[in-house]
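Below, each chain spelled out in residue letters.
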Amino acid sequence: MPSRVTSSAALTFVAAGLTLCGSSTPTAQWFNYPTAGVPRTPDGKTNLTAPAPRTPDGKPDFSGMWLTADGRPCDARNEQFQVCGSELPISRYGINMSAGVPGGLPYQLWAAQQVKTQIEQHSRDDPHARCMPDTFVRLYGLPHMQKFIQTPGLLVMLYELNANYRQVFIDGRPVPDDPQPSWQGYSTGRWEGDTLLVDSAGFRDGLWLDMAGTPMTDAARVRERIRRPDFGHLDVEVTVDDPKAYTKPWTVTFKQNIVLNTELVDEMCVENEKSTKHMVGK
């Protein structure tokens, strides 16, 4: 395994069988290749609070490598889910999305029962642990890097896990009315000042948003408000409107930190996967 993964030995994916796979050696990939264009303080240190870069047309440039900034402290004793790590952190939202909503999520009765059952059964039915794709809402809280590539009409998001990807079209097209259901849905964006508003719909049914089994259905519509307040940080406010699973829309804000001097690696969950057969719940 690459050193970036093995250095986070504290990540013990007991509950949902999150799997980190890899076969390359550190010398075979760009783990220590310096990122170009990094702003510096007078003493030569990275200036994470420097102004955000901008594209030639004056828009904030979201391009870069990103990872959750909401990692849990590495003391997971006496907790349901034994997951923590300093270098590859998992967000509290990645464990239970309800953690970021005052009063909890407004579940429909069946959705509340699903979460209750999956917590009791140690998330044995988690599609993530079975190497299925994760929707982008969940990916903002997982311990897997994302690479954003921005052009004037398109924002591409590359996910390290399972070579997944997403496209946000910023060329004026509407969200399709009756699309083929998709893991990532169909996303279109428009600028409101320095904030990119992204609307997504067309999801497949049965998606999970966290390890606890928080659902998202084919009725969902998702609105993101993406901002880059400075060089080193990204704010993503996500509102989920899914009347099949919730009694009203709800909102969480994901914080992302920039990742420098490294690159994406092959992280194929399905390769040598041996966790599923052990996930039998209680």
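That block above? That's the structure.
Just so you know, these numbers come straight off a predicted model, no measurement behind them.

1. Concerning unusual backbone geometry
Then, in step 1: For Cys131, which is not glycine, the phi dihedral falls at a positive 70°.
Then, in step 2: A relative accessible area of 13% means that Cys131 is categorised as buried.
Then, in step 3: The backbone phi angle of Asn162 is positive, close to 60°, even though this residue is not glycine.
Then, in step 4: The topology assignment puts Asn162 in the loop between β3 (154–159) and β4 (164–169).
Then, in step 5: What makes Asn162 partly exposed here is its relative accessible area of 22%.

2. Some remarks on the pairing of strand β9 (residues 221–230)
Then, in step 1: Examined bridge by bridge, strand β6 (residues 195–201) and β9 share 5 bridges and lie antiparallel to one another. Along β9, the bridge assignment pairs Val198 with Glu224.
Then, in step 2: By the bridge criterion, 8 bridges tie β9 to strand β10 (residues 233–241) in an arrangement that is antiparallel. In the sheet register, Asp230 faces β10, and the bridge partner there is His233.
Then, in step 3: Where β9 folds back onto β10 in an antiparallel hairpin, the turn is made up of 2 residues.

3. Considering the packing of aromatic side chains
Then, in step 1: According to the stated counting rule, one finds 6 aromatic pairs in the structure shown.
Then, in step 2: The interplanar angle of 70° and the centroid separation of 5.5 Å between the aromatic rings of Tyr246 and Trp250 together place this pair among those described as edge-to-face. Taken as a pair, Tyr246 and Trp250 share a single burial class, namely buried.
Then, in step 3: Joined through ring pairs, the aromatic side chains of Tyr93, Tyr140 and Phe254 make up one cluster.
Then, in step 4: Its end group placed over the ring of Trp183, Arg204 keeps NZ or CZ at 4.0 Å from the ring centre.

4. Some thoughts on helix α3 (residues 109–120)
Then, in step 1: With 12 residues, α3 extends 17 Å from end C-alpha to end C-alpha; this agrees with the ideal 16 Å at 1.5 Å per step.
Then, in step 2: Every buried residue of α3 is accounted for by Ala111, Val115 and Gln118. Along the axis of α3, the buried residues cluster in a sector spanning 70°; they form a single face.
Then, in step 3: Where α3 is buried, its residues meet β7 (207–208) and β8 (215–216).
Then, in step 4: Within two residues after α3, His122 carries a phi angle of roughly 55°, on the positive side.

Rules behind the numbers
Residues numbered from 1 in each chain as written. Predicted model: local features only at pLDDT ≥ 70, side-chain atom pairs only at ≥ 80, totals over all residues. Heavy atoms only, no water. Buried < 20%, exposed > 50% of the residue type's maximum accessible area, 1.4 Å probe, protein only. Helix = DSSP H or I, 4+ residues; strand = E, 2+ residues; numbered from the N terminus. Pairing = 2+ DSSP bridges. Phe/Tyr/Trp six-rings, centres within 6.5 Å; stacked < 30°, edge-to-face > 60°. Lys NZ or Arg CZ within 6 Å of the ring centre and 35° of its normal. Expected span 1.5 Å × (residues − 1). Arc of directions from axis to C-beta. Contact = heavy atoms within 4.5 Å.

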